[in-house]
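Here is what each chain is made of, one letter per residue.
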Amino acid sequence: MTAPDRPRLRVGMVGHAFMGAAHSHAWRTAPRFFDLPMEPELAVVAGRHAARVADAAGRLGWADTETDWRRVVERDDVDLVDICTPGDTHAEIAIAALEAGKHVLCEKPLANTVAEAEAMAEAAERAAARGVFAMVGYSYRRVPAVALARRLVAQGRVGSVRHVRVQYLQDWLTDPATPMSWRLRREQAGSGALGDIGAHAVDLAQFVTGERLTGVSALTETFVGERPLPGGGTDRVTVDDAVAFLGRLDGGALATFEATRFAAGRRNAIRLEVNGSAGSLAFDFEDMNVLQFFDGTEPPETAGFRRVLVTDPAHPYTGAWWPPGHGLGYDHTFVHQVADLVSALAAGEQPAPSFADGLAIQRVLDAVERSAGHRSIWTEIPA
Ligand code: SOE
């Protein structure tokens, strides 16, 4: 059965590794579970190596291939460019796509520097005036339990926010024998754990509380400075392995963050806790269908953290999937991201998070690096 008669959204994706696979799954799956106003089409995928991108197209379901991203931007059978490449190419591709009148979905972090992020945000603002929109892909805000946490904070269920603490713990670099990769080179990745996973932690804290960081005080560390090259020899690691920082939110709350690739045994652990004047919320990605809620207004004899199973149709996103209790996974967050993006584009509205939101996060990352670099006590973040 062909898709119901609705406008097409022809997608051109640049990059086809981990994020390319997650995005391809999302473009294919979203219209099957969400009643979308436009039908995404996987028109073309671009990669530098012809044989590899042809293999990716077959595996991931793309109709055509290109070996130069500029062709994707030029093609008149592409309505949206989806950027799934390392951060050093985000600005060039996104700005070219927006100026060519294509919508853009760009993976996080928005860019490798504030200057690049500012140029992207300016290009996005110009394009929005022409009805062309851009989104940056902070997917964890589309975990139903995280979206519920934001809803409860906005409803005042925890009162005034006093504390936010976010940890993003991975351990894939714990072994010094783990070889060099693009994520360990500043010129490609922009930073290490900070931009790769610390950016998610910053977005989660700001998304759930609805508040913005106004200043930070930070420490970074590179535990292993040299790593083996796949073909022999070694190369210098030029990014952080781990970061810890304090922050203040514009509502007055104190925030603490950790992001590391050396938390042995923690494969991809994300923990968030919000403490307010009337209660608390706690989330653990390793138990991602659950939100812990402490209602401080309950009488002491029954007060305590409640384990809310976030699988009911009343919860964000879950009604599109399975009956209560069946649960969702990491991949569903990318499907939710596509569903929200397509709905916003069809309504002629700015999708969230915008490039301006991505720029705000880039400014936090930059302040963290400046604070850590100068051992300064405090680093202001420009409004
Ligand atoms: C880091 O290894 C990484 O792939 C991040 O880049 C992704 O954003 C995160 O979702 C999973 O871990």
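Every residue gets a number counted from 1 within its own chain, in the order that chain's sequence is written. The predicted origin of the model limits local features to residues at a pLDDT of at least 70 and limits the giving and counting of side-chain atom pairs to 80 or more, whereas totals for whole chains, interfaces and linings rest on all residues. The basis for the side-chain values is all heavy atoms of the structure; hydrogens and waters are excluded.

### Here we look at the overall build of the protein chain
Right, on to step 1. Strands here are runs of E lasting at least two residues and helices are runs of H or I lasting at least four, both read from the DSSP assignment and numbered beginning at the N terminus. The helix and strand tally for the protein chain stands at 10 helices and 17 strands.
Right, on to step 2. What you see for the protein chain is a C-alpha radius of gyration of 21 Å, in line with the 21 Å of a compact globule of 383 residues.
Right, on to step 3. Dimensions of the protein chain, computed from the C-alpha atoms along their principal axes, are close to 60 × 55 × 40 Å.
Right, on to step 4. Every one of the 383 residues in the protein chain was classed for burial, and the buried ones make up 54%.
Right, on to step 5. Pairs of residues are marked as contacts when any of their non-hydrogen atoms sit within 4.5 Å. The long-range share in the protein chain, meaning contacts at least 24 apart out of those at least 6 apart in sequence, stands at 70%.
Right, on to step 6. Each accessible area is a Shrake-Rupley result for a 1.4 Å probe, and residues are judged covered by the shown protein chains and nothing else. A total of about 16,100 Å² of accessible surface is found on the protein chain, and carbon and sulfur atoms cover 52% of it. For a compact globule the rule gives 2.2 Å times the number of residues to the power 0.38, and the radius of gyration it is set against comes from C-alpha atoms. Throughout, exposure labels follow a simple rule: accessible area from a 1.4 Å probe, protein chains only, divided by the maximum for the residue type, with under 20% read as buried, over 50% as exposed, and the rest as partly exposed.

### Regarding the domain arrangement of the protein chain
Right, on to step 1. Throughout, the edges of the domains are those of an automatic or database domain assignment. Domain assignment breaks the protein chain into domain 1 (8-139) and domain 2 (143-329 + 360-373).
Right, on to step 2. Taking only C-alpha atoms, the centre of domain 1 and the centre of domain 2 are 25 Å apart.
Right, on to step 3. In what follows, salt bridge is the name for a side-chain nitrogen of Lys or Arg lying within 4 Å of a carboxyl oxygen of Asp or Glu. On the surface where domain 1 and domain 2 come into contact, there are 2 salt bridges.
Right, on to step 4. A salt bridge links Glu-118 to Arg-363; the nearest nitrogen and oxygen atoms lie 3.0 Å apart.
Right, on to step 5. We define a polar contact as two N or O atoms separated by no more than 3.5 Å, with the added condition that, inside protein, one atom must be a possible hydrogen donor and the other a possible acceptor, whereas residues neighbouring each other in sequence contribute only through side-chain atom pairs. The interface formed by domain 1 and domain 2 contains 5 residue pairs in polar contact (both at pLDDT 80 or more).
Right, on to step 6. Looking at the side of domain 1 that touches domain 2, the elements with two or more residues in it are helix H1 (18-33) and helix H5 (114-128).
Right, on to step 7. The classification used treats Ala, Val, Leu, Ile, Met, Phe, Trp, Tyr, Cys and Pro as nonpolar, Asp, Glu, Lys and Arg as charged, and all other residues, Gly among them, as polar. Classifying every residue of the side of domain 1 that touches domain 2 gives 10 nonpolar, 5 polar and 3 charged.

### Notes on the site of the ligand
Right, on to step 1. The environment of the ligand is made up of Phe-18, Lys-108, Tyr-140, Tyr-168, Gln-170, Arg-183, Asp-196, His-200, Asn-268 and Tyr-330.
Right, on to step 2. In this structure, an oxygen atom belonging to the ligand sits 3.0 Å away from a side-chain N or O atom of Gln-170.
Right, on to step 3. Between an oxygen atom of the ligand and a side-chain N or O atom of Asp-196, the distance comes to 2.4 Å.
Right, on to step 4. For the ligand, whose free accessible area comes to 310 Å², the fraction covered by protein is 90%.
Right, on to step 5. Classifying every residue of the shell around the ligand by side-chain character gives 4 nonpolar, 3 polar and 3 charged. Residues are labelled near a given molecule or strand when at least one of their non-hydrogen atoms is within 4 Å of it.

### A look at the pairing of strand S6 (residues 134-137)
Right, on to step 1. Of the two faces of S6, the one holding Ala-134 and Val-136 and the one holding Met-135 and Gly-137 are both buried throughout.
Right, on to step 2. Here is how to tell: hold the view so the strands point away, follow the path from the first strand over the helix to the second, and if it runs clockwise the crossover is right-handed. What joins strand S5 (residues 103-107) to S6 is H5, and the crossover it makes is right-handed.

### A short note on the side chain of His-336
Right, on to step 1. Within the secondary structure, His-336 is located in helix H9 (residues 330-346).
Right, on to step 2. Judged by relative accessible area, His-336 falls into the buried class, the value being 0%.
Right, on to step 3. Among all residues touching His-336, those that are not within four sequence positions of it are Phe-34, Arg-142, Pro-144, Tyr-317, Trp-321 and Leu-328.

### Some details on unusual backbone geometry
Right, on to step 1. That bond from Lys-108 to Pro-109 is cis: its omega, -15°, falls within 30 degrees of zero.
Right, on to step 2. For Pro-109, the position within the fold is in the loop between S5 and H5.
Right, on to step 3. The step from Ala-352 to Pro-353 runs through a cis peptide bond, and the omega angle for that step is 0°.
Right, on to step 4. Turning to its location among the elements, Pro-353 is positioned in the loop between H9 and helix H10 (355-374).
Right, on to step 5. Its identity is not glycine, yet Tyr-317 carries a phi of approximately 70°, on the positive side.
Right, on to step 6. Residue placement: Tyr-317 occurs in the loop between strand S16 (305-309) and H9.

### Focus: H9
Right, on to step 1. Taking 1.5 Å per residue as the helical rise, H9 with its 17 residues ought to reach 24 Å, and the 26 Å between its terminal C-alpha atoms agrees with that figure.
Right, on to step 2. Within H9, 12 of the 17 residues are buried, leaving the element largely enclosed by the surrounding structure.
Right, on to step 3. Within H9, burial applies to His-332, Thr-333, Phe-334, Val-335, His-336, Gln-337, Val-338, Ala-339, Leu-341, Val-342, Ala-344 and Leu-345. Expected span, for any helix, means 1.5 Å times one less than how many residues it has.

### Notes on the packing of aromatic side chains
Right, on to step 1. Centres within 6.5 Å make a pair out of two Phe, Tyr or Trp rings, where for Trp the six-membered ring is used; the pair is then stacked when the planes are under 30 degrees apart, edge-to-face when over 60, and tilted otherwise. Scanning the entire structure with this criterion turns up 13 aromatic pairs.
Right, on to step 2. Between Phe-18 and Tyr-330 the ring centres are 6.1 Å apart and the planes differ by 45°, which places this aromatic pair in the tilted class. Within this pair, whereas Phe-18 is found in helix H1, its partner Tyr-330 is found in helix H9, the two being separated by 312 residues in sequence.
Right, on to step 3. With relative accessibility at 24%, the residue Tyr-330 sits in the partly exposed group.
Right, on to step 4. Arranged with centres 6.3 Å apart and planes meeting at 80°, the rings of Phe-285 and Tyr-330 form a pair that is edge-to-face.

### Topic: the pattern of salt bridges
Right, on to step 1. Per the stated rule, a full pass over the model turns up 28 salt bridges.
Right, on to step 2. Residue Glu-66 pairs with Arg-75 through a salt bridge whose shortest N-O separation is 2.8 Å.
Right, on to step 3. A network of salt bridges, in which partner residues are shared, links Asp-64, Glu-66, Arg-71, Glu-74, Arg-75 and Asp-77.

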